[in-house]
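Chain by chain, the residues:
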Amino acid sequence: MKKFGIYLHIPFCRRKCEYCDFYSIADKPKLRQLFVEAAVREIEFYREHAALSQQTVTSIYFGGGTPSLLEDKQISQLLETIQRSFPVSCDCEISLEANPESLSLEKLTFLKEIGFNRISIGAQSFDDNELKKLGRIHSAAQAKKAVEWAKSAGFENISLDLIFAIPGQTPARWRSNIRQARELQPQHISTYCLTYEPETEFGEKLQSGALKKISEETERIMYLETIDFLEKHNFIHYEISNFAKENQTCRHNQTYWDLSPYLGIGPSAHSYWKNHRQWNVRSVVKYIEKLTSGNLPVEDQENLSPEQKELEYIFLRLRTREGISLENYRKLSGKDFLSSHESTIQKLSSHPDAPLFEIEDNRFFLTPAGFVLFDEICGMFASDLNYQHIRASN
């Protein structure tokens, strides 16, 4: 069955984290209810859409923001609207992101009863001082309790999010975090290097000198130690930031990496199908206003050129451990990958940190050392395709 995912962006948080650049706002119960009503309208519009109405949904993902802030009836209303509007596969992966402080055994039991079968808990750290630095409002004990409650509620697919390279964090402190995460026996762990986006408070503090990044070498050590530790404990490193037990990879995220179609609902959400991409307004107020007046909340859209799609395929597939299928690349572009990018591949081969990639089973994929240099490597492939020209002509 072909993948088709639906993503719902729930933009509310109890408090905005200083490092977060996803669209979110402080929770306002009245506005939250208006948002749910608007999201129902948006979902219902697409059930008549020519490219989507006959698609079978294989994954549903409630992200944010903090989706677990929604009231039970609001969550069920959104999920039921999707199930009523589209064919949903019998084994559909239905995920919800949650922060520990917004969870309870009762909440998790309800989620399991109405059909959610995957929960992603934003633990971020198991050190209370680090959580305080990040501006998180939960404790390490609350994160661990949330995992216990999820298991008690019957969840058999639990994911934990962790952040490394927090200011002042040492490799030893990070090793303690991933060890504690593993001891909770989740099926999936996502580890993200802290980034300092310009428009976030962390970005501003970095510019002013109020925060100091740890060194790139320390980041590299933490990342490579993470891969080594989790793989030794039977986690498959299936994507640059993601690790899973066998058969427990996140199906929804794989929809993105495969360039499969997906529908985004909510402010700032993106959608993609048949070489068409669109994205919604980045304001919950404007989002509600547009849908209330009978209009879609689309801010802009584009049709990908063959060159754009080719480059996106390279970028997205290089994120994964499977990498680029040389056969699929030829079908997509009409070109041979190895000869088309011979110069870049030669440069990668001569890098002092080699091997940065491997070629096996008709696939080209990055090694852990290659993942460390992912941005630079993508830049090299972009240069091959004269990416700046591609962007300027669209």
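The shown structure was predicted, so the numbers you read here are calculated from the model rather than taken from an experiment.

What counts as what
Residues numbered from 1 in each chain as written. Predicted model: local features only at pLDDT ≥ 70, side-chain atom pairs only at ≥ 80, totals over all residues. Heavy atoms only, no water. Helix = DSSP H or I, 4+ residues; strand = E, 2+ residues; numbered from the N terminus. Polar contact = N/O pair within 3.5 Å; in protein donor to acceptor, adjacent residues only side chain to side chain. Contact = heavy atoms within 4.5 Å. Core = buried A, V, L, I, M, F, W, Y, C linked by side-chain atoms within 4.5 Å. Buried < 20%, exposed > 50% of the residue type's maximum accessible area, 1.4 Å probe, protein only. Phe/Tyr/Trp six-rings, centres within 6.5 Å; stacked < 30°, edge-to-face > 60°. Axes fitted to C-alpha atoms, helices over the stretch in contact; angles between N-to-C directions. Parallel < 35°, antiparallel > 145°, perpendicular 65-115°, else oblique. Left-handed = near helix turned anticlockwise from the far one by under 90°. Pairing = 2+ DSSP bridges. Salt bridge = Lys/Arg side-chain N within 4 Å of Asp/Glu carboxyl O.

Peer 1: Teacher, can you tell me more about the side chain of Asn99 here?
Peer 2: In this structure, Asn99 sits in the loop between β5 (88-98) and α3 (105-114). In terms of polar contacts, Asn99 uses its side chain to reach the side chain of Thr66, at 3.1 Å. Ignoring sequence-local partners within four residues, the contact set of Asn99 consists of Thr66, Ser68, Gly122 and Arg136.

Peer 1: Would you mind showing me how to read the nonpolar core here?
Peer 2: Within soluble globular proteins, side chains that are nonpolar tend to cluster in buried spots. One finds Leu8, Phe62, Leu78, Ile119 and Phe364 to be the most contacted residues of the largest nonpolar core, which totals 106 residues. Among the elements that line this core, the one with the most residues is helix α1 (residues 29-46), at eight residues. Counting residues in hydrophobic clusters, the runner-up holds 10 residues, among them Cys17, Cys20, Ile163 and Phe202.

Peer 1: Help me understand the packing of aromatic side chains in this model?
Peer 2: Each aromatic ring pair is described using two quantities: the centre-to-centre distance and the angle formed by the ring planes. Scanning the model with the defined rule gives 20 aromatic pairs in all. Geometrically, the ring pair formed by Phe357 and Phe364 is stacked, given 4.8 Å between the ring centres and 25° between the ring planes. For the pair formed by Phe357 and Phe364, the shared burial category is buried. Following the ring pairs from residue to residue traces out a cluster consisting of Tyr313, Tyr329, Phe337, Phe357, Phe364 and Phe381.

Peer 1: How should I be thinking about unusual backbone geometry in this particular structure?
Peer 2: Backbone torsion omega between Gly64 and Gly65 reads 20°, so that peptide bond is classified as cis. For Gly65, the location among the structural elements is in the loop between β4 (57-64) and α2 (72-85). Here Asn234, not a glycine, exhibits a phi torsion of approximately 70°, which is positive. You will see that Leu259, though not glycine, has its phi angle at about 60°, which is positive. Within the element layout of this structure, Leu259 appears in the loop between α9 (251-257) and β11 (262-265).

Peer 1: Would you mind going over the packing of helix α6 (residues 171-183) against helix α8 (residues 216-232) with me for this structure?
Peer 2: The packing of two helices is summarised by the inter-axis angle and the distance between the axes. At a minimum axis distance of 10 Å, the contact between α6 and α8 shows a crossing angle of 25°. What the angle tells us is that α6 and α8 run roughly parallel. As for the relative orientation of α6 and α8, their crossing is right-handed in sense. Together, Pro171, Trp174, Arg175, Ile178, Arg179 and Arg182 of α6 and Thr218, Ile221, Met222, Glu225, Thr226 and Phe229 of α8 make up the contact between the two elements.

Peer 1: Explain the sheet that holds strand β16 (residues 357-360) to me, please; I cannot follow it from the model alone.
Peer 2: Sheet strands pair by backbone hydrogen bonding; their relative direction is either parallel or antiparallel. Ordered in space as β15-β17-β16, the three strands form an open sheet in which the pairing is antiparallel. Lying at the two open borders of the sheet, with one neighbouring strand each, are β15 (324-325) and β16.

Peer 1: Help me out: how do you make sense of the pattern of salt bridges in this one?
Peer 2: Within the structure shown, the criterion is met by 21 salt bridges. Where Glu71 meets Arg32, a salt bridge forms, and the shortest distance between an N and an O atom there is 3.8 Å. Residue Glu71 is found in the loop between β4 and α2, and its partner Arg32 is found in helix α1; the two are separated by 39 residues along the sequence. Look at Glu71 and you get partly exposed, because its relative accessible area is 37%. Close ionic contact of Glu217 with Arg220 constitutes a salt bridge, the shortest N to O distance being 2.8 Å. Residue Glu217 and its partner Arg220 are located together in helix α8, separated by three residues, close to a single helical turn. A residue is classified by how much of its surface remains accessible, and Glu217, at 41% relative accessible area, is partly exposed. Taken together, the shared-partner salt bridges in this structure form one network comprising Lys3, Asp258, Arg317 and Glu322.

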